[in-house]
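Architecture and fold: a report
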Amino acid sequence: MEHSPGRLATTLIATSIMVVGCTSSPPDSPPPPSPTVNAAGAGADGAGDPYYPQDGNGGYDVTDYNVSISYDPGVGNLDGDTTVTANATADLNKFNLDLVGLEISAIEVNDKPAQFTREGDHELSITPPEPLAKGSTFKTRVRYKGTPTVKEDGQLGKNGWQKSRSGGAFVAGEPHSATFWFPANDHPRDKATFRLTAKVPDGWSVVSNGREEPSTAADGWTTYRWVEETRLATYLTTIGIDKWIYERSALPDGTPVVSAYAPGVENKKQLEARLPEILEFLSSKFGPYPMKSAGGIYLNEDIGFSLETQGRPIYARWTNLETVVHENAHQWFGDSVSVDTWADICLNECFASYSQWLWTEAKERQNLDQRYRTAIDRVKGRDTFWGNKLYGMGKGNEFHGVYDKGVLAIHALRRQIGEDAFNRVLKEWPAAHKDANASWKQFEDFVQNIAGQDLRGFYDAWFHGDKVPADQYLYPGSLRG
């Protein structure tokens, strides 16, 4: 994710670092284990995230979301029919899904009617007709309807189902967005494949994640189908309903590219034309492109962020070249390797932000050491800048330091461990955790093993601390000059 320049204008002016999106346990403590059940046979109503303990659920592992909706932009109502396939990780006589608003008309588990209740603002508690045995695979079909909603988030702006200026709609948001339009186990720890069947009135069209399949038309409606075969975190799903202008092509290795432009942003085609060059560059740094499709979704909206929706980022109207670099770097850092908890967000944003520095270094021959020193000189005495922890930042502060302090921390790490070790980290970390989840503690250990150094002091100064690092960590390696 990358913030709108206006949303971070104060930080940008003060630092010139960015070029363009509850108290936790102590920083060195491992995250709490994921709860499986709350009581005998009842799946937990949360995944145990230290910042959002009721996000997600326990007792099962989702393997696939099959989402089918119909939506008439002129009316604004959605009819949904979603089947969630999962494996039981405990014996279950009850389990939860997450869903915000929307009226449930029926739920079936393994093709038999199930009882259900709504609890709180997003918990859907389901009692299957017969207990589910640990290790079994089960399917939950949820039929629902209503007017999807949007929620204001204090950090990023609006999350959820948003109306576009053309009269269409789109979904974008972090950490929450999926459950505004389909039931899910809403935590990055539970990644699954995703398929979408979306029916809209003729004249409207749909873009989403993954591979595009043939559309069909009948009785004044057109049905669009998209399939994402690479497991993804729920917040990385998206749907865009508009009068899209599509461009279709392929990368040199045959990976299909579909990019979609809302009316009024056709000028972004020249920006997206550089996508093959961008992915080739990022692959040279991070290893082979980890997704089976590529492209972009260009909105004619001034939302507060662009988002790395998997394989096909969704872009605000203010998007520029470095935003496209940033969101595609997330395909490795955040999408392929996803956070274990939201406290680990630097694994996503610090590296996607640093990809922009790598781009300007390679393409514009920018001296990054000089850029770093200039930035440090501007923020060295600003406690509000350094007070943003990069790990252990606390609920509601996840995005406050990762774009500006975070990019400086990664450059300092590069100079601390040396070029060879740093380049190994950039490629070997995404390879080691491809299509999986990882924590910040794992990353610290991983880098320390490659570097062959004791980095605890460096980590404490830059990632766990809230003060200006001591000079030995502020100016490591070639930065000392």
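Let me begin by describing the structure that accompanies this report. (Residues numbered from 1 in each chain as written. Predicted model: local features only at pLDDT ≥ 70, side-chain atom pairs only at ≥ 80, totals over all residues. Heavy atoms only, no water.)

A count of helical and extended segments in the protein chain gives 12 helices and 26 strands. In terms of overall size, the protein chain behaves like a compact globule, its C-alpha atoms giving a radius of gyration of 22 Å where 481 residues would be expected to give roughly 23 Å. Counting only C-alpha atoms, the protein chain reaches 70 × 55 × 40 Å along its principal axes. Within the protein chain, buried positions represent 59% of all 481 residues. With an accessible surface of roughly 17,700 Å², the protein chain has 48% of that area assigned to carbon and sulfur atoms. The centroid of the 48 positive side-chain charges in the protein chain is displaced by 3 Å from the centroid of its 63 negative side-chain charges. (Helix = DSSP H or I, 4+ residues; strand = E, 2+ residues; numbered from the N terminus. Rg over C-alpha atoms; globule rule 2.2 N^0.38 Å. Buried < 20%, exposed > 50% of the residue type's maximum accessible area, 1.4 Å probe, protein only. Areas by Shrake-Rupley, 256 points an atom, 1.4 Å probe, with all protein chains shown as cover. Lys, Arg positive; Asp, Glu negative; His and termini not counted. Charge placed at Lys NZ, Arg CZ, Asp CG, Glu CD.)

For the structure on display, the rule yields 29 aromatic pairs. A centroid spacing of 4.6 Å and a plane angle of 50 degrees characterise the contact between W440 and F463, whose relative ring orientation is tilted. Here W440 is found in helix 10 (residues 440-451), whereas its partner F463 is found in helix 11 (residues 456-464), with 23 residues between them in sequence. A cation over an aromatic ring shows up here: K199 above the ring of W221, its NZ or CZ 5.5 Å from the ring centre. When the ring centre of W204 is taken as origin, the NZ or CZ atom of K243, which lies over that ring, is 4.8 Å away. (Phe/Tyr/Trp six-rings, centres within 6.5 Å; stacked < 30°, edge-to-face > 60°. Lys NZ or Arg CZ within 6 Å of the ring centre and 35° of its normal.)

Under the defined criterion, the tally for this structure stands at 1 disulfide. Here C346 is linked by a disulfide to C350, with a sulfur-sulfur distance of 2.1 Å. Here the disulfide of C346 and C350 is left-handed, its torsion about the S-S bond being about -110 degrees. Note that C346 and C350 are positioned in helix 5 (residues 346-364) at a spacing of 4 residues, about one turn of the helix. For C350, a relative accessible area of 0% corresponds to the buried category. (Disulfide = S-S within 2.5 Å.)

To continue, consider the side chain of H187. Here H187 lies in the loop between strand 14 (169-172) and strand 15 (192-201). A distance of 2.7 Å separates the side chain of H187 from the side chain of D49, its partner in a polar contact. (Polar contact = N/O pair within 3.5 Å; in protein donor to acceptor, adjacent residues only side chain to side chain.)

Our focus in this paragraph is the pairing of strand 9 (residues 115-119). Relative to strand 10 (residues 123-127), strand 9 is paired through 5 bridges, and the arrangement is antiparallel. Across the sheet, the residue bridging to T117 is S125, located in strand 10. Linking two consecutive strands that pair antiparallel, namely strand 9 and strand 10, is a turn of 3 residues; a positive phi of about 65 degrees is found at G120 within it. (Pairing = 2+ DSSP bridges.)

Sheet architecture is open: 3 strands sit in the order 6-10-9, paired in antiparallel fashion. At either margin of the open sheet sits one strand with a lone partner, and together these are strand 6 (95-98) and strand 9. Between one strand axis and the next, the sheet turns by 25 degrees as a mean value, whatever way the strands run. (Axes fitted to C-alpha atoms, helices over the stretch in contact; angles between N-to-C directions.)

All right, on to unusual backbone geometry then. Cis geometry marks the peptide bond from E174 to P175; its omega dihedral reads 15 degrees. Locating P175 in the fold gives a position in the loop between strand 14 and strand 15. The phi angle at D111 is positive, at roughly 70 degrees, despite the residue not being glycine. Inspection of the secondary structure assignment puts D111 in the loop between strand 7 (103-109) and strand 8 (112-113). Among the residues examined, D111 registers a relative accessible area of 71% and is labelled exposed. One non-glycine residue with positive phi stands out, namely R365, at about 55 degrees. Within the element layout of this structure, R365 appears in the loop between helix 5 and helix 6 (368-379).

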